[in-house]
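One letter stands for each residue in the lines below.
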Amino acid sequence: MNKSILAVAVTIASLTLAGCGSEASQSAQQQQLQPIDVAQVLVKPVQNWHTYTTRLEAPQEVALMPRVSGVIDKINFKEGDSVKEGDLLFTLDARPFAAVVDSLKAQIESAKAALEQAKSEAKRAERLTERKAISTEQAESRKSTLRQREAQLLALQAELTAAELDLEFTQVRSPIDGVVSRANITKGNNVLAGQSVLTSIVSNQQMYAYFDIDERTWNQSFTDVTAQSEQAVVMQKVGQTSFNYNGKINFIDNQINETTGTLRVRAVFENDEQQLRAGSFARIKLAANKVSEKVIVPERAIGTDLKNRFVLTVGEGNVLEYKLVTVGERYGSLRAITSGLNENDVIAVNGPARVGPGMPISPNTVTINSDGIAFTLSNNHSDLVAKQ
């Protein structure tokens, strides 16, 4: 009897210990689950953005050369300054040109006196001819002399006009508004008309950016765009992390380049704050006109498995599942998914950095932040972050 009681007691104790061990194991397993940030995917109307590289060009650029040859007498500008059209930049020694002008003026006065005498003699010849006191031959000679004197005066006046222009051209002025470079030739040096480059000037109120769009992309995304459409573009200078400059397309070439299969396009940017310089390297982004809804996830949520791209989604029982995806355009720190996910999927927002498919997790629900990121042309372009 005592042995039976002892056996029952042993059995009960064993079952109790087994139950306690199972509960402790389950509790330990729950405590060991990895806490992971998860979020429901975003669905946004988006446009595909196309990126092109270019260098900025000034709409107007002048290699300033003198119109007359001479010696530089004075430089009238500070190198690197902004100048206006008509500002005096160089002065050449004007004395030789002034002397020519004075000489021609004197010759004109002499020609005028000779012309008056020729007119008087021609009139007298007419009166004498009426009285037949002079031969017809002599009268015609005096009329011919009058016409010669008139022609001589006109020729001298034309020479004077040219000489006065040469005198005016000794003052070399800026033909455009812009920024002047350094003086290539300094005071005291002789310069040749139409050959010596005194300095260069580039306009700075606007900047042009030329870039080439391949024929396929143009036909797929921009076939209805014209220069009059003023298609919006955004630009980023080298060393910057955002596209801070807004512009528009104002020129589209009239034919496809048969060699490269591309179409030359020009965007124009206002330069009111003088932050843009000709020759600067830049990246241009423009959006396709077609808008479509796409699933959006953080770039870091996407993993790479050999040639495949995948995302970890949260399945039944908070177990991570492996889903192959096809990625689309990047929008700041986010990426469009063109296939593989739907709007109800919940994903591991930090990707496969610490977890893998088939792993149970402890989910920590967060929200995907899309503030300040441009998905379409109606968004704020200046906040479009370039992390490509």
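Above this note sits the structure.
Residues numbered from 1 in each chain as written. Predicted model: local features only at pLDDT ≥ 70, side-chain atom pairs only at ≥ 80, totals over all residues. Heavy atoms only, no water.

### Some words on the sheet that holds strand S5 (residues 70–75)
This is how it is decided: For two strands to be treated as a pair, DSSP must find no fewer than two bridges joining them. Elements are defined by DSSP. Helices are runs of H or I of four residues or more, strands are runs of E of two residues or more, and each kind is numbered from the N terminus.
The strand order across the open sheet built from 4 strands is S8-S7-S5-S10, with neighbouring strands paired in antiparallel fashion. Every other strand in the sheet has two partners, leaving strand S8 (171–173) and strand S10 (190–191) as the edge strands with one partner each.

### Looking at the pattern of salt bridges
When the charged atoms of two side chains with opposite charge come close together, those side chains can pair. Note the threshold: Any Lys or Arg side-chain nitrogen located within 4 Å of an Asp or Glu carboxyl oxygen qualifies as a salt bridge.
Under the counting rule described, the total for this entry stands at 7 salt bridges. One salt bridge in this structure joins lysine 112 and glutamate 109, with 4.0 Å as the shortest N-O distance. You can see lysine 112 and its partner glutamate 109 sitting in helix H2 (residues 95–130), 3 residues apart, about one turn around the helix. Here glutamate 299 and arginine 335 are joined by a salt bridge, their closest N and O atoms 3.0 Å apart. Here glutamate 299 is found in the loop between strand S17 (292–298) and strand S18 (302–305), whereas its partner arginine 335 is found in strand S21 (residues 334–339), with 36 residues between them in sequence. Linked by salt bridges that have partners in common, Glu299, Arg330 and Arg335 make up one network.

### Things to note about the nonpolar core
So the rule is basically this: Here the nonpolar core consists of buried residues drawn from Ala, Val, Leu, Ile, Met, Phe, Trp, Tyr and Cys, with membership extended through side-chain atoms lying within 4.5 Å. Burial here depends on accessible area, computed with a 1.4 Å probe over protein chains only, as a share of the maximum for the residue type. Under 20% is buried, over 50% is exposed, and the range in between is partly exposed. Note that the domain bounds reflect an automated or database-derived domain assignment. Any two residues whose heavy atoms approach within 4.5 Å are treated as being in contact.
Counting 26 residues, the largest nonpolar core has Val297, Leu341 and Ile347 as the members making the most contacts within it. For this core, the elements supplying multiple residues, two or more each, are strand S2 (42–46), S17, strand S20 (320–331) and S21. Split by domain, this core shows at least three residues from each of two domains, domain 1 (35–46 + 292–365) and domain 2 (51–60 + 206–289). When neighbours within four sequence positions are excluded, valine 297 is seen to be in contact with Val41, Ile302, Leu334, Arg335, Ile337, Leu341, Ile347 and Ile368. Tyr52, Ile213, Tyr245 and Phe269 belong to the second-largest nonpolar core, a separate cluster that totals 22 residues.

### A closer look at helix H3 (residues 136–169)
Inclusion rule: In this scheme, a helix's expected span is set at 1.5 Å multiplied by one less than its residue total.
For H3, built from 34 residues, the straight-helix expectation of 50 Å at 1.5 Å per residue is met to within 8% by its first-to-last C-alpha distance of 50 Å. Turning to H3, its buried residues are Ala139, Leu146, Leu153, Leu156, Leu160, Ala163 and Phe169. Where H3 is buried, its residues touch H2 and S8.

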